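This is what each chain is made of:
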Amino acid sequence: MTAMEKNWILKSQGEGQKVERLAGELNISKTLAILLVQRGISSFDEAKSFFRPELTLLHDPFLMKDMALAIERIQAAVQNKEKILVYGDYDVDGTTSVALVYTFLKTFHASIDFYIPDRYNEGYGVSTKGIDYARETGSTLIIALDCGIKALDKVKYAKHHSIDFIICDHHNPGDEIPPAIAVLDPKRKDCNYPDNELSGCGVGFKLIQAYAAKNDIPFEKLIPFLDLVAVSIASDIVSVTGENRILAYYGLKQLNENPRTGFKAIIELAGISDKQITIDDVVFKIGPRINAA
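Described below are features of the structure shown in this document. (Residues numbered from 1 in each chain as written. Predicted model: local features only at pLDDT ≥ 70, side-chain atom pairs only at ≥ 80, totals over all residues. Heavy atoms only, no water.)

**Side note on the layout of surface pockets**
Empty space among the atoms can be located by rolling a probe the size of a water molecule over them. By volume, the largest pocket amounts to about 320 Å³. Every residue lining the largest pocket is counted, 15 residues in all, and those nearest its centre are Glu 46, Ser 49, Phe 50, Thr 241 and Gly 242. Counting residues per element, the ones that place at least two in the lining of the largest pocket are α3 (44-51) and α10 (242-257). Residue contributions to the lining of the largest pocket peak at 4 residues, all from α10. Counted by class, the lining of the largest pocket contains 5 nonpolar, 5 polar and 5 charged residues. (1 Å grid on protein atoms, 1.4 Å probe; cavity = no way out; pocket = protein on both sides within 12 Å on 5 of 7 lines; lining within 4 Å. Points joined across faces, edges and corners; volume = space filled by probe spheres on them. Helix = DSSP H or I, 4+ residues; strand = E, 2+ residues; numbered from the N terminus. Nonpolar A, V, L, I, M, F, W, Y, C, P; charged D, E, K, R; others polar.)

As C-alpha cells, then:
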C-alpha cells in the first residue's frame, strides 16, 4: 500500500504593509499577524470581532431578500389560526432547523406540525408525499428548511392544492426560483445579504430573529435556540467566519452551559459531559449520532 499523497496549498503571507501595521496595532508577533491577514483580517476592528464575537454584530435579518414577505405570511397564518407544517431534511442541518423553527413557533401558535422525509422512500428535499401529508392534516403553509431551492414542481403542486410555501435554504439555486411566497437563500444572485455562508439552520434563525424583531419579542428569548445553530454550523461544515462565527461562539456557550434535553442526552452518551465542548466534539461526537438516526 502506498502512502496517501498530499497536495499542500500554501497561502500567500499577505501584503507586508498590512502585516506590519496589524502586528503594531494589536501588539502581536509578525507570525500571528500573517495568519490573521491570510484570513482576511487586516484591521484592529476586524481582529476584535474575530476574537471577541458579539451578538450585536449580527446582521439585520430584513436585509435578506423576501424576509418581509415571509414574516407577513407567517403573521397572517398565526392571526388566522392556520395550520403550519415545518418541513426539513433528515440530516443534522435539516433536523436542527426544524427543531428551531417548530419550537419557536410552538410557543405562541398551537396549530403547528413538523415533517421529516423518509430517507429511503422519499429521498432528499421536498417530496410529494410530504405535501400530501400537509393536505391530509390541514396545513395551509409549509416552511421548508435546508431544502426547497430547486423544488419548482413541488411548490407548484402545493400551490395547486392551496398550500403556500416559505423556503429557507442555503444551497445554490438553479436557473429558476420556485414560485413560493418567499424564498430566503443568501446564495440567490438577487439577494444582497452581507453573509452568504449561513447553514440551513442559520437561515432559519434569521427567520425567527426577523419575526421576533417585528413582534417586539426580546432578542434574549432567541439565545436558547443557538445551541441548535452551532450544531448545524459544525455538522454541515460551513465556514466558521463572519456571522457563523458569532452564532457558533454563542451556540457553543449555550451547549456547554444550558443544553436542551436532547443534546444533554447525546452529550452524556458521547462521554463528553465532564469537559468543555468544542466544535470538534460537535463534528465527531454529537453530529454523527443525529445523522445515524
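**Structural notes on the sheet that holds strand β4 (residues 164-168)**
Within the open sheet, the 5 strands sit side by side as β2-β1-β3-β4-β5. Their pairing is parallel. Each of the sheet's edge strands pairs with one partner strand only, and the pair in question is β2 (112-115) and β5 (182-184). On average, each strand axis in the sheet is inclined to that of its neighbour by 20 degrees, with strand direction left out of account. Here strand β3 (residues 139-145) pairs with β4 via 5 bridges, running parallel. Of the residues in β4, the one forming a bridge with Leu 145 is Cys 168. Together, β1 (83-88), β3, β4 and β5 form the strand contacts of helix α4 (residues 67-79), whose direction differs from that of β3 by roughly 140 degrees. (Pairing = 2+ DSSP bridges. Axes fitted to C-alpha atoms, helices over the stretch in contact; angles between N-to-C directions. Contact = heavy atoms within 4.5 Å.)

**Let's talk about the packing of helix α1 (residues 16-26) against helix α2 (residues 30-38)**
Across the interface, α1 lies against α2 with an axial gap of 8 Å and an inter-helix angle of 115 degrees. α2 is crossed by α1, and the crossing has right-handed handedness. Here α1 contributes Lys 18, Val 19, Glu 20, Leu 22, Ala 23 and Leu 26 to the contact with α2, which in turn contributes Lys 30, Ala 33, Ile 34, Leu 36 and Val 37. A per-class count over the contact of α1 with α2 returns 8 nonpolar, no polar and 3 charged. (Left-handed = near helix turned anticlockwise from the far one by under 90°.)

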